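Breakdown of the fold
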Amino acid sequence: MPESILATFTVKRLEIIAPDGTADESLVPDLSGDELRRIYYLLLLTRAFDGRALALQREGRIGTYPSVLGQEAAQVGSAFAIHERDWVFPSFREMGAHLTLGYPLHQLYQYWGGDERGLRTPDGMNIFPICVSVGTHIPHAAGAALAAKLRGDRIAVIAYFGDGGTSKGDFHEGFNLAGVMGLPTVFICQNNQWAISVPLSAQTASRSLAQKAVAYGFDGIQVDGNDVLAVYRATREALEKARGGGGPTFIECLTYRMSDHTTSDDASRYRSPEETEQWRERDPILRYERFLAKRGLWNEDYAAEMKGKAGGEIDEAVRRYESVPPPAPGEMFDFVSGELSARQQRQREEASP
Amino acid sequence: MSEMTYRDALNLALKEEMRRDPSVVTWGEDVALYEGSFKVTRGLLAEFGEERVKDTPISENTIVGVSIGAAMGGLRPVAELMTVNFALLAMDQIVNHMAKIRSMFGGQTRLPMVVRAPGGGGSQLGAQHSQSLETYFMHCPGIHVAVPATPADARGLLKASIRDNNPVMFLEHELLYNSKGEVPDDTESLVPLGKAEVKREGKDVTIVAYSRMTILALQAAAELEKEGISCEVVDLRTLSPLDTETFIASVNKTGRAVVVEECWRAAGLGGHLASIIAEECFDRLLAPVRRVSGLDVPMPYSRKIEKLCIPQVETIAAAVRDVMSQKY
């Protein structure tokens, strides 16, 4: 018998706004002027939050911090499509998604200041605490989606992770199970092309990360992660598909980590300034400003006004964060298990002044 | 009371809890159509359907990980790992997530989940499939560890574990599945986590054991009675929470202790028990605490020498005689 072709596949890539701000009008999502401007404000707020966090870290006012610089569009664009009832499992570099979803800013500073109480999600907000372990929350998201499916709850569950996370066993196992069970999940990879010092080329031999979904039996799409509207559109479609019983989707947001991995890292030791400079030209906020300007929704005065507003919000968040007293030693025994053993009780008493 | 096997008692517990609470689900490798490698999930697919009884891909880390997500999502999953040896593939989810999520997330979420895992040696399954890993889980705060020895405890503890809002590692012994015992008929007869039981009263020496070691300790006690040695056998039933009161009271009464563990001796749980006895019963001890443990070798495949690596009735009895022969 001759050989035959068993499968061929295509992987789509979505871009809507060109670097000069012109857009493919057929793909621009149906958002109002106010909504488009809200997205702009959230991008500015993310950048302001991030810049302040770096400053606070240098002053010793928060701990090690992973900057989101350059990834604002991938985070705000995706989170803007998420409904209140959907569930979100973030990794550790999605503060832009957090603040888009309305997570209290001072709690984000509180967490990065070394206080886990910052992870206590306000009631009514379906955001799971930040997962610092790489990719280990992918199975959790699949489990939550399975629970929603069994309950007949038509929601979607979103997991965020990075390009490094796609090399983890949790990624393979979680994707495989989500595909097999047809779970309502949307997996969002922020491919910022660097996992600490390891470039994407050393992470995978795949032409794209998006195509990995094909092997698990569901759709994968690559979007320009610095194009906030492309990210929004792809995420909204994937969420609607998931809520409607259409199964999982994998969205690869191709972006770039403009900053160091964390404040404990120095990226200049392993990558060239030319590479970073190249990406500066593709800044997601700059591109979106050009897009808004062409629609009469943006000018320098408006930008200054919004930056001032974001700065004020950040000032207030920092003030609130720094007014929270540190946890009492005995609190570390809270919630360890249902009932403390006699030994733990003793340890708790000894730890409490 | 009805007589049934340890396997059927576990099966009954699953059925009763799944009937009682629609949020109880079970999944794992070969648990649905095949009804489990040890047939503990027999009849579940037929009665509860494929929504609640699921076969999963061979992905142990994710079987636990998905259970964590589902538990946070409002279900009460009972995951089956085909054997406890495969729990090693899931240790990241077990130790870094299952054990810590409630604490790290400030108690925002409950984690009502059970991970069932058969284990233990003696079935000639070779070094990688005959391990007793209970100490691994007991070492980590945030996980309850159940180790039933009898059919009644198997049913009562599994029911309590399913109803508990904390994660439980439920360690079943492969050589106990066919053992028989009386099980209460009352469907609300639960065995609380964290309560040891004196399985046999005695006055000369306390034998502290768990899981299959309890059965062997009881057999040793029956032998020793013929020699005039009266053994009290304390069955821990759960290793975490650990009921120290029951065995401390017993050792304070008898003045002698033998602790039996199936696992390796190095850093085994017997050392932990011995240290508690040393701290709490020192003034009452008439002899040093003796440990009976598995040998510190990978389990041999050969049936003849495999036996030598696992505590037997005779090794437990010999340890008791040693403790009794101390002169004062």
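The rules behind each value
Starting from 1, residues in each chain are numbered consecutively following that chain's sequence as written. All chains are assigned letters beginning at A, and all ligands numbers beginning at 1, according to the order in which they are written. Selection of residues for local features in this predicted model requires a pLDDT of at least 70, selection of side-chain atom pairs for listing and counting requires 80 or more, and totals for whole chains, interfaces and linings are taken over all residues. Derived side-chain values reflect all non-hydrogen atoms in the structure, with water molecules and hydrogen atoms excluded from consideration. Secondary structure is summarised from DSSP: a helix means a run of H or I of at least four residues, a strand means a run of E of at least two, and numbering begins at the N terminus for each. It is over C-alpha atoms that the radius of gyration is taken, and the globule rule equals 2.2 Å times the number of residues to the power 0.38. To sort residues, take the accessible area from a 1.4 Å probe on protein chains only and compare it with the maximum for the residue type: under 20% means buried, over 50% means exposed, and anything in between is partly exposed. Residues count as neighbours in contact if any of their non-hydrogen atoms are within 4.5 Å of one another. Method for areas: the Shrake-Rupley scheme with a 1.4 Å probe, in which residue coverage is limited to the protein chains shown. We count Lys and Arg on the positive side and Asp and Glu on the negative side, and we leave His and both chain ends out. Charged groups are reduced to one reference atom each: NZ for lysine, CZ for arginine, CG for aspartic acid, CD for glutamic acid. Either an automatic procedure or a domain database provided the assignment from which the domain bounds are taken. Buried area: the accessible area, evaluated with a 1.4 Å probe, that two parts lose upon being put together, summed over both parts. The rule for a salt bridge is simple: a side-chain nitrogen of Lys or Arg has to be within 4 Å of a carboxyl oxygen of Asp or Glu. Patches draw on residues past 30% relative accessible area with no salt bridge. Two like charges within 9 Å are joined, as are two nonpolar side chains (Val, Leu, Ile, Met, Phe, Trp, Tyr) within 5 Å. UniProt positions are given in the numbering used here, feature names are shortened, and annotations may be inferred rather than shown by experiment. For every element, the axis is a line fit to its C-alpha atoms; helices are fit only across the contacting stretch, and the angle between N-to-C directions ranges from 0 to 180 degrees. The labels follow the angle: roughly parallel below 35 degrees, roughly antiparallel above 145, roughly perpendicular from 65 to 115, and oblique for the rest. For any helix crossing, the convention is left-handed if the near helix is rotated counterclockwise from the far helix by under a right angle, and right-handed if that rotation is clockwise. By the convention adopted, Pro, Cys, Tyr, Trp, Phe, Met, Ile, Leu, Val and Ala count as nonpolar, Lys, Arg, Asp and Glu as charged, and the other residues, Gly among them, as polar. In this analysis the probe radius is 1.4 Å and the grid spacing 1 Å, with only protein atoms considered; a cavity is a set of points the probe fits into but cannot get out of, a pocket is an open set with protein on both sides within 12 Å along at least five of seven lines, and lining residues have an atom within 4 Å of a point. Grid points are joined across faces, edges and corners, and a volume is the space filled by probe spheres set on the points. Two strands qualify as a pair provided DSSP detects at least 2 bridges between them. Only Phe, Tyr and Trp rings are paired, with Trp represented by its six-membered ring, and only when their centres lie within 6.5 Å; those with planes under 30 degrees apart are stacked, over 60 edge-to-face, the remainder tilted. Geometrically, a lysine NZ or arginine CZ counts as sitting over a ring once it is within 6 Å of the ring centre and also within 35 degrees of the ring normal.

When you go through chain A residue by residue, the secondary structure sums to 13 helices and eight strands. For 353 residues, the compact-globule formula gives about 20 Å, and the C-alpha radius of gyration of chain A, at 21 Å, lands near that figure. Taken along the three principal axes of its C-alpha coordinates, chain A extends 75 × 60 × 45 Å. Here chain A holds 353 residues, and the buried ones make up 54% of them. The long-range fraction of contacts in chain A, counting pairs at least 24 apart against all pairs at least 6 apart in sequence, stands at 76%. Taken as a whole, chain A presents about 15400 Å² of accessible surface, with 49% of it coming from carbon and sulfur. Taking the average place of the 38 positive charges on the side chains of chain A and the average place of its 48 negative ones, the gap between the two points comes to 2 Å.

Here we take up the domain arrangement of chain B. Residue and element names in this part refer to chain B. One can read the domain layout of chain B as domain 1 (2-183) and domain 2 (197-325). Put simply, the middle of domain 1 and the middle of domain 2, counted by C-alpha atoms, are 26 Å apart. Contact residues are listed per partner, giving 29 residues for domain 1 and 28 residues for domain 2. Surface buried jointly by domain 1 and domain 2 totals about 2300 Å² across both partners, of which 61% is contributed by carbon and sulfur atoms. Considering only the side of domain 1, the residues that lose the most area to domain 2 are Gln 124, Met 138 and Val 147, jointly responsible for 27% of the buried surface there. At the junction of domain 1 and domain 2, the tally comes to two salt bridges. Here Lys 199 makes a salt bridge to Asp 153, at a shortest N to O gap of 2.6 Å.

Residues Leu 295, Val 297, Ile 305 and Leu 308 of chain B make up a contiguous nonpolar surface patch of roughly 350 Å² in combined accessible area. The topology assignment puts Ile 305 of chain B in helix 11 (residues 303-309).

Glancing now at the UniProt feature "domain: Transketolase-like pyrimidine-binding" (unreviewed entry) in chain B. UniProt annotation of "domain: Transketolase-like pyrimidine-binding" (unreviewed entry) refers to residues 4-179 of chain B when read in the numbering used here. The span residues 4-179 of chain B shows a helical share of 36% and a strand share of 17%, and its end C-alpha atoms are spaced 8 Å apart.

What follows is about the environment of Gly 312 of chain A. Within the secondary structure, Gly 312 of chain A sits in helix 12 (residues 300-322). Sequence separation between Gly 312 of chain A and Leu 45 of chain A is 267 residues, and the spatial gap between their C-alpha atoms is 10.0 Å.

Turning next to the packing of helix 1 (residues 33-58) of chain A against helix 4 (residues 105-112) of chain A. Residue and element names in this part refer to chain A. Orientation of helix 1 relative to helix 4, taken along the N-to-C sense of each, is 30°, at an axis distance of 12 Å. Accordingly, the angle class assigned to the pair helix 1 and helix 4 is roughly parallel. In this structure, helix 1 meets helix 4 at a crossing whose hand is right-handed. Residues Leu 45, Ala 48, Phe 49, Arg 52, Ala 53 and Leu 56 of helix 1 form the contact with helix 4, whose participating residues are Leu 105, Leu 108 and Tyr 109. A per-class count over the contact of helix 1 with helix 4 returns eight nonpolar, no polar and one charged.

Next up on the list: the layout of surface pockets. All names here are of chain B. In this structure, the largest pocket encloses a volume near 1300 Å³. Considered class by class, the residues forming the lining of the largest pocket number 20 nonpolar, 17 polar and ten charged. Two domains each donate at least three residues to the lining of the largest pocket, and these are domain 1 (2-183) and domain 2 (197-325).

Bringing the sheet that holds strand 3 (residues 53-55) of chain B into the picture now. All names here are of chain B. Strand order in this open sheet of seven strands is 3-2-4-5-7-6-12, and the pairing throughout is mixed. Unpaired on one side and paired on the other, strand 3 and strand 12 (238-240) mark the two borders of the sheet. Averaged over all pairs of adjacent strands, the angle between strand axes in this sheet comes to 20°, irrespective of strand direction. Bridge count for strand 2 (residues 24-28) against strand 4 (residues 76-80) is five bridges, and the pairing is parallel. Residue pairing across strands places Val 24 opposite Arg 76, the latter belonging to strand 4.

Residues and elements named next belong to chain A. Within the element layout of this structure, Pro 90 appears in the loop between strand 2 (87-89) and helix 3 (95-100). For Pro 90, a relative accessible area of 3% gives the class buried. In sequence terms Pro 90 and Tyr 65 are 25 residues apart; their C-alpha atoms lie 15 Å from each other. With near-sequence residues (within four places) excluded, Pro 90 lies in contact with His 98, Ile 127, Phe 128, Pro 129, Ile 130, Cys 131, His 137 and Tyr 160.

Topologically, His 137 of chain A is positioned in the loop between helix 4 and helix 5 (138-151). Since its relative accessible area comes to 1%, His 137 of chain A is described here as buried.

As a further point, take the packing of helix 1 of chain A against helix 2 (residues 72-79) of chain A. Residues and elements named next belong to chain A. Interaxial distance between helix 1 and helix 2 falls to 10 Å at its minimum, and their mutual angle equals 135°. With respect to helix 2, the axis of helix 1 lies oblique. Our pair here, helix 1 against helix 2, has a crossing hand that is right-handed. Here helix 1 contributes Ile 39, Leu 42, Leu 43, Thr 46 and Arg 47 to the contact with helix 2, which in turn contributes Glu 72, Ala 73 and Val 76. Grouping the constituent residues of the contact of helix 1 with helix 2 by class yields five nonpolar, one polar and two charged.

Attention now goes to empty space enclosed by the protein. Under the definition given, this model contains two cavities of 30 Å³ or more. Space inside the largest cavity adds up to approximately 130 Å³. In terms of lining residues, the largest cavity is bounded by 17 residues, among which Gly 119, Gly 120, Glu 134, His 173 and Ser 211 of chain B are the most central. Looking at the lining of the largest cavity, the elements that each hand over two or more residues are strand 5 (114-119), strand 7 (168-173) and helix 8 (211-226) of chain B. Along its surface, the second largest cavity is lined by Gly 70, Asn 226, Tyr 256, Met 258, Trp 279, Arg 280, Asp 283 and Pro 284 of chain A.

Take the UniProt feature "domain: Dehydrogenase E1 component" (unreviewed entry) in chain A next. UniProt records the feature "domain: Dehydrogenase E1 component" (unreviewed entry) at residues 43-329 of chain A, using the numbering of this structure. Between the C-alpha atoms that bound residues 43-329 of chain A there is a distance of 38 Å. The span itself is 46% helix and 11% strand.

Quick look at the packing of aromatic side chains now. Taken as a whole, this structure holds 25 aromatic pairs over all chains when the rule is applied. Ring geometry for Phe 89 of chain A versus Phe 128 of chain A: centroids 4.1 Å apart, planes at 5°, classification stacked. Here Phe 89 of chain A, found in strand 2, pairs with Phe 128 of chain A, found in the loop between helix 4 and helix 5; they are 39 residues apart in sequence, far enough to count as distant. Judged by relative accessible area, Phe 89 of chain A falls into the buried class, the value being 3%. Each ring, one from Tyr 288 of chain A and one from Phe 291 of chain A, has its centre 5.7 Å from the other, and the planes form 15°; the classification is stacked. Remark: Phe 291 of chain A and Tyr 288 of chain A occur in helix 11 (residues 284-294); sequence separation between them is three residues, near one turn of the helix. Over the ring of Trp 279 of chain A we find Arg 282 of chain A; its NZ or CZ atom is 4.1 Å from the centre of that ring. Lying across the ring of Tyr 34 of chain B, Lys 39 of chain B places its NZ or CZ 3.7 Å from the centre.

Attention now goes to the environment of Ala 221 of chain B. Relative to the helices and strands, Ala 221 of chain B resides in helix 8. Spatially, the C-alpha atom of Ala 221 of chain B lies 9.0 Å from that of Gly 202 of chain B, the residues being 19 residues apart in sequence.

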